[in-house]
Amino acid sequence: MYIPLSPEEEDSLIGRCLDGDSAAFEPLVARYHRALFGAAARLLGSREEARDVTQTVFLKAYQALASCDRQRRFFSWIYRILLNECLNTLRARRPIEALPESLTAPVPRMDEVDQAELRDRVRQALVQLPETQRDVIVLRHFAEMSYDQIAATLGVPEKTVKSRLFSARQRLCELLSTSRT
Amino acid sequence: MVQPDEIDLIQRAAEGELGADERARLEALLQRSGEARQMAAILDALGPEPPPAGEPPADAVDEIMKRIEALPRRRQQISMARRPDAAPGRKFGNVANASAGPRSRVEESMSSRAKVVWGISAAAVVVLAGLWIAGVMPPSPEGADATIGAAKRYQAQQIGDKDVAVGDTRAQAFLQSEQFDRLLKDPNARKMLADTNMRGLFDSAAMREAFAQAEFADAVQMIAKDDALAAMFADGDMVAALYSAEVQAALKDGDFKAAFADDAFQAAMNKAQNRAGFADLAVAFADVNFREALLNDTVQAALKDAKFRGALANPELASQLRTRELKGAFADADLQAALGDAQVQAAFQDVDVQAALADPQMQAALASQEVHAMMADAETRAAFSQLALSQAFADDAVRAAFSQGAFYDVMFSADMAAALAQTRMREAFREAGFQSMLKSEAGRGMLANADVQAALKGSAFQAALQHDGFAAALKQGSFASALSREQ
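Treat the numbers as computed from the prediction; the structure is a model and nothing was measured.

Student: Can you walk me through the overall build of chain A in this structure?
Tutor: Helices and strands together make up the secondary structure of chain A, namely eight helices and zero strands. Secondary structure elements of chain A, listed N to C terminal, follow the sequence α-α-α-α-α-α-α-α. Here chain A holds 181 residues, and the buried ones make up 49% of them. Partitioning the intrachain contacts of chain A with sequence separation of at least 6 by distance along the chain shows that 68% fall at a separation of at least 24. As displayed, chain A has an accessible area near 8,200 Å², and 47% of this comes from carbon and sulfur atoms.

Student: Explain the side chain of serine 22 of chain A to me, please; I cannot follow it from the model alone.
Tutor: Within the secondary structure, serine 22 of chain A sits in the loop between helix H1 (7–18) and helix H2 (26–44). On the basis of relative accessibility, which here comes to 8%, the residue serine 22 of chain A falls in the buried class.

Student: Quick question: what am I supposed to make of the interface of chain A and chain B here?
Tutor: Quoted interface sizes are often the accessible area lost when the parts come together. Each partner contributes residues to the interface: chain A has 50 residues there, and chain B has 40 residues. Together chain A and chain B conceal approximately 4,200 Å² of surface at their shared face, both sides included; 61% is due to carbon and sulfur atoms. Where chain A packs against chain B, one counts four salt bridges. Among the ionic pairs, glutamate 15 of chain B bridges to arginine 169 of chain A, the shortest N-O distance being 2.1 Å. The interface formed by chain A and chain B contains eight residue pairs in polar contact (both at pLDDT 80 or more). Residues that form the side of chain A that touches chain B fall into these classes: 29 nonpolar, twelve polar and nine charged.

Student: How should the packing of aromatic side chains be read in this particular structure?
Tutor: Two descriptors summarise a pair of aromatic rings, namely the distance from one centre to the other and the angle between the planes of the rings. Residue and element names in this part refer to chain A. Considering all chains together, one arrives at seven aromatic pairs over all chains under this definition. With a centroid separation of 5.2 Å and an interplanar angle of 70°, the aromatic rings of phenylalanine 25 and tyrosine 62 are classed as edge-to-face. One end of the pair, phenylalanine 25, is in the loop between H1 and H2; the other, tyrosine 62, is in helix H3 (residues 47–63), with 37 residues separating them in the sequence. Like tyrosine 62, phenylalanine 25 is buried.

Student: Can you help me understand the nonpolar core in this one?
Tutor: The tendency in soluble globular proteins is for nonpolar side chains to be buried as a group. Within the largest apolar cluster, 82 residues are counted, with the highest numbers of intra-cluster contacts made by Phe25, Phe74, Phe75 and Ile78 of chain A. If near-sequence neighbours (up to four positions away) are discounted, phenylalanine 25 of chain A is found in contact with Cys17, Phe58, Ala61, Tyr62, Leu65 and Phe74 of chain A together with Met65 and Ile68 of chain B.

Student: I keep staring at a nonpolar patch on the surface and nothing clicks. Help me out?
Tutor: Residue and element names in this part refer to chain B. Together, Phe330, Leu335, Leu339 and Phe348 line one region of the surface with nonpolar side chains, adding up to about 330 Å² of accessible area. With respect to the helices and strands, the residue leucine 335 is situated in helix H24 (residues 333–340). Under the relative-accessibility criterion, leucine 335 is labelled partly exposed at 30%.

Student: What's the story with the packing of H2 of chain A against helix H4 (residues 60–69) of chain B in this structure? I'm lost.
Tutor: Angle between the axes and distance between the axes: these two values describe a pair of packed helices. Contact geometry of H2 of chain A with H4 of chain B gives a least axis separation of 10 Å together with a crossing angle of 145°. Read as a crossing pair, H2 of chain A and H4 of chain B show a hand that is right-handed. Contacts from Glu26, Val29, Ala30 and His33 of chain A in H2 of chain A reach Ala60, Val61, Asp62, Ile64 and Met65 of chain B in H4 of chain B. Residues belonging to the contact of H2 of chain A with H4 of chain B are distributed by class as follows: six nonpolar, one polar and two charged.

Student: It is not clear to me how the pattern of salt bridges should be interpreted in this structure. Could you clarify?
Tutor: Per the stated rule, a full pass over the model turns up 16 salt bridges over all chains. Between glutamate 10 of chain A and arginine 73 of chain A there is a salt bridge whose closest N-O contact spans 3.2 Å. Separated by 63 residues along the polypeptide, glutamate 10 of chain A in helix H1 and arginine 73 of chain A in the loop between H3 and helix H4 (74–91) bring together distant segments of the chain. Assessed through its relative accessible area of 3%, glutamate 10 of chain A is described here as buried. Residue aspartate 11 of chain A pairs with arginine 70 of chain A through a salt bridge whose shortest N-O separation is 2.9 Å. Taken as a pair, aspartate 11 of chain A in helix H1 and arginine 70 of chain A in the loop between H3 and H4 lie far apart in primary sequence, 59 residues in all. Classification of aspartate 11 of chain A by relative accessible area gives partly exposed; the value is 32%. A single salt-bridge network, built from bridges that share partners, covers Arg51 of chain A together with Asp59 and Glu63 of chain B.

Student: Can you walk me through the confidence of the model for chain B in this structure?
Tutor: It should be kept in mind that the predicted coordinates are not to be read in detail where pLDDT is low. Residues and elements named next belong to chain B. Summary statistics for chain B give a mean pLDDT of 70 and a share of 62% for residues scoring 70 or more. Predicted confidence is poor over residues 75–167, with pLDDT under 50, and the contacts of this stretch with residues over four places away or in other chains come to 197 contacts. Here the predicted complex scores 0.35 on pTM and 0.77 on ipTM.

What counts, and where the lines are drawn
Residues numbered from 1 in each chain as written. Chains lettered and ligands numbered in written order. Predicted model: local features only at pLDDT ≥ 70, side-chain atom pairs only at ≥ 80, totals over all residues. Heavy atoms only, no water. Helix = DSSP H or I, 4+ residues; strand = E, 2+ residues; numbered from the N terminus. Buried < 20%, exposed > 50% of the residue type's maximum accessible area, 1.4 Å probe, protein only. Contact = heavy atoms within 4.5 Å. Areas by Shrake-Rupley, 256 points an atom, 1.4 Å probe, with all protein chains shown as cover. Buried area = accessible area lost by both parts, 1.4 Å probe. Salt bridge = Lys/Arg side-chain N within 4 Å of Asp/Glu carboxyl O. Polar contact = N/O pair within 3.5 Å; in protein donor to acceptor, adjacent residues only side chain to side chain. Nonpolar A, V, L, I, M, F, W, Y, C, P; charged D, E, K, R; others polar. Phe/Tyr/Trp six-rings, centres within 6.5 Å; stacked < 30°, edge-to-face > 60°. Core = buried A, V, L, I, M, F, W, Y, C linked by side-chain atoms within 4.5 Å. Patch = residues over 30% accessible without salt bridge, like charges linked within 9 Å, V, L, I, M, F, W, Y side chains within 5 Å. Axes fitted to C-alpha atoms, helices over the stretch in contact; angles between N-to-C directions. Left-handed = near helix turned anticlockwise from the far one by under 90°. pLDDT = per-residue confidence, 0-100.

Here it is, written out as structure tokens:
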């Protein structure tokens, strides 16, 4: 469950880190690690990969901390780093394939293997989405954020979040539609 | 084709927002539309689900922080100068600046415990870094058969609760490591770690962080391995100098670091005589004019000249160079122009000129204002450039004659000048007969005779001199007798 630090706390911790106090980074890691790990695990479909990517993301964030816009939330910034890392991993995998026809059967019967394969393809399709649509999909479905939390993270109204989510899901379906094969 | 309101229905279903009636509508939709089923399956794949393999690892945060703390600090790194007596090719590695300021807590600890620090074995230093980063307090050297947690590979004294945080996974990991095993087997490390002063040294996050850096550890190892170097760092004066504000500022200066990292500079400092003179040179470097002069290409070229350096090394010349007069002379634009003249430079390089300038009499002449005035005259300079004149003055008799005041006065009298201005007179002086007359006492006596001078001035005598027969008659003894009877 995503419970962010207050903006004042985040700003204070970031400031101390930039002054050379590396220990000040630990509260940020402890608070946001679970959300980022969960998002990475769902995006990549692998616990081990998610662990490695999350670790890399926090390291990169620490090293690039000076570039963090402290007027905005820390999570929105580090989430972007995570997403890029995950997308790079996904891009290295096999390209998008159309969904199997079994999905269009009158009553689709997918076993666990089919479901896992579908999730994998959905993750691959995320790479093709525009950034604004991809953000809302990941934060809603992989980081388990509420609409208002997504709105705060992305710095947009809640209505915009819902609208983008609608468009993103539709686009995802189009990408994976059997009619494209 | 799925309609927009049906898409909305499917999406709201993915959000769990449907009421009973809407769920029935959705079921009907899914029954009749393959496209709707596909869409629902895709959105279902996006739906919340537990992570593929459970919660994040329990030590994930600790692992991340461990890697972050191992990163280089957000500071400049400094290079230490080659130790003066070090073997060729040996250099220090970069040393992280572990101090937070001119006299941080770390430095205060180091200043009083440097001897202990630099006396440790290299292996112990490396192990200590890992030990302290893990936050593990070392065991007492007194042995005891006990094990800690899962570390069952060694015999060690049991570590109490106050020493190791129970459940500290970093500590556990370190206790199972090769580094910890080596630490326990290293008697120097065990002995040192029993020292409370030593343990206090690491009671600083900055110090631990410094030791965590490979380059810093390399430098400490190098110092620890070298007895002379370790002794140097144990020297109170040396340590005090290192922690002075001025030295700290210098060590942080980019140009300073670049200079000390320069191979040529290090090679120069390896020489004892250079080190001996460095203190004086350092004083000179305080003068901006001196620094600028050293950067001047012309000065650098001159310093490369062994003769120039030899001249500068001459104590007498050095003493002269310090006089106000000479400094003033060298500041004179005309002199600078003259010294820059190729002909003048060539003259100064001439061995004959050098020999002449070394002659005290020449030096006295050059110091004479009269000589200066004479040489300022272009015609005089032209006369002295004549080979005949230089050859004449090469004659000791001529120089001796000119040293006589009376001769000097005659030669430079107005009458002689007028006589020499006449071509015939100058030709007469070249006549061998006239030269013979001048050489004979009788001839010189005749020329000095007032009657002869009066007769020589007379037009009758001059006319007779033009007659060729007059010269022949003068040789006749009877002619001379006749002339004397007439009187």
